[in-house]
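Examination of the molecular architecture
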Amino acid sequence: MSSPRSRSFRRYRRRIVGWGLLVLVVIFVVGAVITLGQVERDLEDRVDEALAEAGFVDVSVEFSGQDGTVRCAQPLATLDQGVEQSVAQLVRVAEQVDGVRVISVDAGCGDAGDAEPDGPSATFAPTSSVDGSAAPSTSEGTATTAIGSDPAVTSTTEVGGVETVATLIAQDPQFSQFAALLERTGLIESLNDPGPFTVLAPTDAAFDAAFDDLGADAFESLINDVDRSTALLLRHVTDVEFGTADLVSGSVEMRDGSEVVIDASGPTFQRGDVVAALPEGAEQQDIVATNGIVHAVDRVFLSDDLADPSRPDPPVDPDPSRADAVLSGVLADGRITLSGTVASEEQRQRLVDAARFGRSDANVVDELDVAPLDQPLDPDLVDGVVLLIAAMPTNLVDGTVVVVDDGLRLTGIHLGDAARDAMQAFAEQVGAETDLSPRAVADAATAQALQDSLNEFVRSEPITFESNAAELTTEAEAVLEQVAARALRLEAVRIAVIGHTDSEGDPGRNLALSEQRSETVRDELVRLGFPADRLTTEGRGLTEPILDASGVEDRAASRRVEFEVEVGS
């Protein structure tokens, strides 16, 4: 994915490209002396441009390799903030430029002497305490903010920065996943308001850890649900502004109404069972904006009510009566699960046959019991379940049909207006209530999450072919049914199908075979309902083998199909 947001929710998998490695080493050694000056000049040009855009004028930068030194024609204290905040902001802007390793600032940039910044001096003055009452004044332009029951915190952190909290988060690559969620939920704009705010911003590493904790499906479910994502984000933002020098142990109220407990000795921030800390490195602390301050933290404030590994979403109606269902069929990720009790083997077989209609047996889970019922099911209800189960896979992404209180209920996510109308017509035919929702429209973050989900799934459940052929195995047909179902979760995505082989055999034949296999997968996904005009194919042959820790190729892992997902109708 080429969007700047493509980092969002990305799971990186290290892949060593076998034969290309030696070539790259040779090219690097021969070309290093020739290109080093070009690299340095390119870095100088791009850093100069970035600093100018951020409001830093009369500054210059020189590079030695990837390490740069900034020199100033006049002290940075002449900007609209203090020297320390100006220097810190300059370093952050410069070090965010791709290719920069370290930025040093010449002493002349901070030699302010008795110079005063242009305009009135600004100090941090919180307007309210945790309980919403006015903060007591301690001196002109300065106030205290009570945190919990502990002694008041007197904050004299200078309001600084040349950007708002929202802009700083959006521009800082360590917060790309957090920024993508803020943008998707619409909360990013609220952080352009006057504030003041303090944001405990999880880094990308924190989101990667959350991904590992939850698993791909539960993580994707969380980020695709705007309501749950919003609730998650609000627990990282407070209207009480504080710097690390201001902290005392206590608690602070976040935007969602919950409390975060602060341990000033760390410092650490605890919500429920999750304890977040500031990552190592001074640049992670006290990132000063015009309307508040940002602290990078190493954990996401997850909780069971927002992140249920049992997949609280597919968007199936969480009707409490579901627990009392006599009979149910659930479609999720291309698999249909039948559960409940039926009166006869004949009824069970009809339901199983309906679930298998157009599907592999491997994607039908039969958890039905056959037992006498005190009140036998109305045969018409069983007929209704049979019809709706057979119709769900071609019209719904996820769905549930249940028999509760002598009635039928159908919920789920439809594949479009025509599919919705078809399911509603079937439901009316059998007297079922319906609650059908449209699919989410993809953005950069959710497209990336879908890509990660698909590739993680096929790593654990590989798409296999007959030996030296492009023909799918029976097992692969069942896998691709689940791939298609996952791929159809989002509207407006394009998917590239990438084929790979191992390194054994003729390179030209392997390249052709990988192309043929990617085309076979594409054709099967089209057969399963994914639009043909939103699929492309590519074969890469043996160019990207998978090597184990000792550098030996894992040939079985090298023979694979992967997916690249991007936004596009």
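The structure displayed is predicted, hence computed values, not measured ones.

Reading the values: the criteria
Residues numbered from 1 in each chain as written. Predicted model: local features only at pLDDT ≥ 70, side-chain atom pairs only at ≥ 80, totals over all residues. Heavy atoms only, no water. Helix = DSSP H or I, 4+ residues; strand = E, 2+ residues; numbered from the N terminus. Buried < 20%, exposed > 50% of the residue type's maximum accessible area, 1.4 Å probe, protein only. Contact = heavy atoms within 4.5 Å. Areas by Shrake-Rupley, 256 points an atom, 1.4 Å probe, with all protein chains shown as cover. Salt bridge = Lys/Arg side-chain N within 4 Å of Asp/Glu carboxyl O. Pairing = 2+ DSSP bridges. pLDDT = per-residue confidence, 0-100. Axes fitted to C-alpha atoms, helices over the stretch in contact; angles between N-to-C directions. Parallel < 35°, antiparallel > 145°, perpendicular 65-115°, else oblique. Left-handed = near helix turned anticlockwise from the far one by under 90°. Nonpolar A, V, L, I, M, F, W, Y, C, P; charged D, E, K, R; others polar. Patch = residues over 30% accessible without salt bridge, like charges linked within 9 Å, V, L, I, M, F, W, Y side chains within 5 Å. Lys, Arg positive; Asp, Glu negative; His and termini not counted. Charge placed at Lys NZ, Arg CZ, Asp CG, Glu CD. Expected span 1.5 Å × (residues − 1). Polar contact = N/O pair within 3.5 Å; in protein donor to acceptor, adjacent residues only side chain to side chain. Core = buried A, V, L, I, M, F, W, Y, C linked by side-chain atoms within 4.5 Å. Phe/Tyr/Trp six-rings, centres within 6.5 Å; stacked < 30°, edge-to-face > 60°. Right-handed = clockwise from strand over helix to strand, strands pointing away.

**Concerning the overall build of the protein**
A tally of regular secondary structure across the protein gives 14 helices and 25 strands. Taking all 569 residues of the protein together, the buried fraction comes to 48%. Taking as baseline every contact in the protein between residues at least 6 positions apart, the subset at least 24 positions apart corresponds to 68%. Entry remark: accessible area of the protein is about 26100 Å², with carbon and sulfur atoms responsible for 50%.

**A few points about the pattern of salt bridges**
Taken as a whole and assessed by the stated rule, the structure comprises 25 salt bridges. Two residues, Arg 348 and Glu 345, come together in a salt bridge whose shortest N-O distance is 2.6 Å. Taken as a pair, Arg 348 and Glu 345 lie in helix 8 (residues 345-355) at a separation of 3 residues, close to a single helical turn. The class of Arg 348 is buried, set by a relative accessible area of 16%. For Glu 504, the salt bridge is made with Arg 555, and the minimal N-O distance between the two is 3.0 Å. Pair noted here: Glu 504 is in the loop between strand 23 (493-500) and helix 13 (507-527) and Arg 555 is in helix 14 (residues 555-558), with a separation of 51 residues, a long-range link. Three or more residues joined by partner-sharing salt bridges are found here, namely Asp 502, Glu 504, Arg 555 and Arg 559.

**Points about the sheet that holds strand 7 (residues 197-202)**
The mixed open sheet is built from 4 strands, whose spatial order is 8-7-14-13. Edge strands, defined here as strands with exactly one partner in the open sheet, are strand 8 (237-238) and strand 13 (287-289). Two strands pair when backbone bridges link them, and strand 7 and strand 14 (residues 292-297) are joined in this way by 6 bridges, in the parallel orientation. Residue Phe 197 lies in a different strand from strand 14, and its bridge partner there is Gly 292.

**Some words on the pairing of strand 12 (residues 274-277)**
Burial of the side chains of strand 12 is restricted to one face: Val 274 and Ala 276 are buried, whereas none of Val 275 and Ala 277 on the reverse face is. With 4 bridges joining them, strand 11 (residues 268-271) and strand 12 adopt antiparallel strand pairing. Bridge assignment links Thr 268 to a residue of strand 12, and that residue is Ala 277. Adjacent in sequence and paired antiparallel, strand 11 and strand 12 are bridged by 2 residues, among which Gly 272 carries a positive phi angle near 60 degrees.

**Considerations on the environment of Glu 428**
Checked against the element boundaries, Glu 428 lands in helix 10 (residues 417-430). Considered as a pair, Glu 428 and Gly 384 are 44 residues apart in the sequence and their alpha carbons are 10.0 Å apart.

**Quick notes on the side chain of Asp 398**
Here Asp 398 lies in strand 18 (residues 396-404). In this structure Asp 398 comes out as buried when scored by relative accessible area, which is 2%.

**Considerations on the confidence of the model for the protein**
Detailed reading of the predicted coordinates is not advisable wherever pLDDT falls low. Residues at a pLDDT of 70 or more form 76% of the protein, whose mean pLDDT is 76. Segment residues 1-36: pLDDT under 50, and 62 contacts once partners within four positions in sequence are set aside and those in other chains are kept. Residue range residues 111-161 is modelled with pLDDT below 50. Its contacts to residues more than four positions away, or to other chains, number 102 contacts.

**A closer look at the packing of helix 4 (residues 176-185) against helix 7 (residues 226-234)**
Axes are the key here: two packed helices are described by the angle between their axes and the distance separating the axes. Look at helix 4 against helix 7: their axes get within 10 Å of each other, and the N-to-C directions meet at 125 degrees. When the interaxial angle is binned, helix 4 and helix 7 end up oblique. The two elements helix 4 and helix 7 meet at a crossing, and its hand is left-handed. Along the contact surface, helix 4 presents Phe 178, Leu 181, Leu 182, Arg 184 and Thr 185, while helix 7 presents Val 226, Ser 229, Thr 230, Leu 232 and Leu 233. Its residues placed into classes, the contact of helix 4 with helix 7 shows 6 nonpolar, 3 polar and 1 charged.

**Some points on a negative patch on the surface**
A surface patch of like charges, here negative, comprises Asp 45, Asp 48, Glu 49 and Glu 53. Tracing the chain through its elements places Glu 53 in helix 1 (residues 18-53).

**Thoughts on helix 11 (residues 444-460)**
For helix 11, which comprises 17 residues, the first-to-last C-alpha distance of 25 Å matches the rise-based estimate of 24 Å (1.5 Å per residue) to within 8%. You can read the cap of helix 11 off the contacts: a side-chain oxygen lies 3.2 Å from the backbone nitrogen of Ala 445, and it is on Asp 443.

**Concerning the nonpolar core**
One finds Ile 169, Phe 175, Phe 178, Leu 182, Leu 191, Val 199 and Val 294 to be the most contacted residues of the largest nonpolar core, which totals 35 residues. Counting residues in hydrophobic clusters, the runner-up holds 29 residues, among them Ala 354, Val 364, Met 392 and Leu 410.

**As for the packing of helix 5 (residues 204-214) against helix 6 (residues 216-224)**
Remark: helix 5 packs on helix 6, axes separated minimally by 6 Å, with the N-to-C direction vectors making an angle of 120 degrees. Considering the angle they form, helix 5 stands oblique to helix 6. Handedness of the helix 5/helix 6 crossing: right-handed. Judged by residue contacts, Phe 207, Ala 210, Phe 211 and Leu 214 of helix 5 engage Ala 216, Ala 218, Phe 219 and Leu 222 from helix 6.

**Concerning the sheet that holds strand 17 (residues 364-370)**
Here we have 6 strands laid out as an open sheet, ordered 17-16-15-18-19-20, and mixed in their pairing. This sheet does not close on itself; its edge strands, each paired only once, are strand 17 and strand 20 (432-437). For this sheet, the mean inter-axis angle between neighbouring strands, taken without regard to orientation, is 10 degrees. When strand 18 meets strand 19 (residues 407-414), the two strands line up antiparallel, connected through 8 bridges. In the strand pairing of strand 19, Val 401 is matched with Leu 410. This element, helix 10, spans strand 18, strand 19 and strand 20 of the sheet and lies at about 165 degrees to strand 20.

**A word on helix 9 (residues 379-395)**
In this model helix 9 runs 25 Å from its N-terminal to its C-terminal C-alpha over 17 residues, within 8% of the 24 Å that 1.5 Å per residue would give. Of the residues making up helix 9, those classed as buried are Leu 381, Val 382, Gly 384, Val 385, Val 386, Leu 388, Ile 389, Ala 391, Met 392, Pro 393 and Asn 395. A distance of 2.8 Å separates the backbone nitrogen of Asp 380 from a side-chain oxygen at the start of helix 9, and that oxygen is part of Asp 378.

**Here we look at the packing of aromatic side chains**
The tally for this structure, following the rule as stated, stands at 2 aromatic pairs. Here the aromatic rings of Phe 211 and Phe 219 are separated by 5.3 Å at their centres, their planes lie at 65 degrees, and the arrangement is edge-to-face. With respect to burial, Phe 211 and Phe 219 carry one shared label: buried. Summarising the aromatic geometry, the rings of Phe 242 and Phe 269 are spaced 6.4 Å apart at their centres and angled 25 degrees between planes, so their arrangement reads as stacked. Remark: Phe 269 occurs in strand 11 and Phe 242 occurs in the loop between strand 8 and strand 9 (250-253); sequence separation between them is 27 residues. Across the pair, exposure class does not vary: Phe 242 and Phe 269 are buried alike.

**Considerations on the pairing of strand 24 (residues 535-539)**
In regular strands, side chains alternate between the two faces of the sheet. With 5 bridges connecting them, strand 23 and strand 24 associate as parallel partners. Note that in strand 24 the partner of Val 497 across the bridge is Thr 537. Between the parallel elements strand 23 and strand 24, the chain passes through helix 13 in a crossover that is right-handed.

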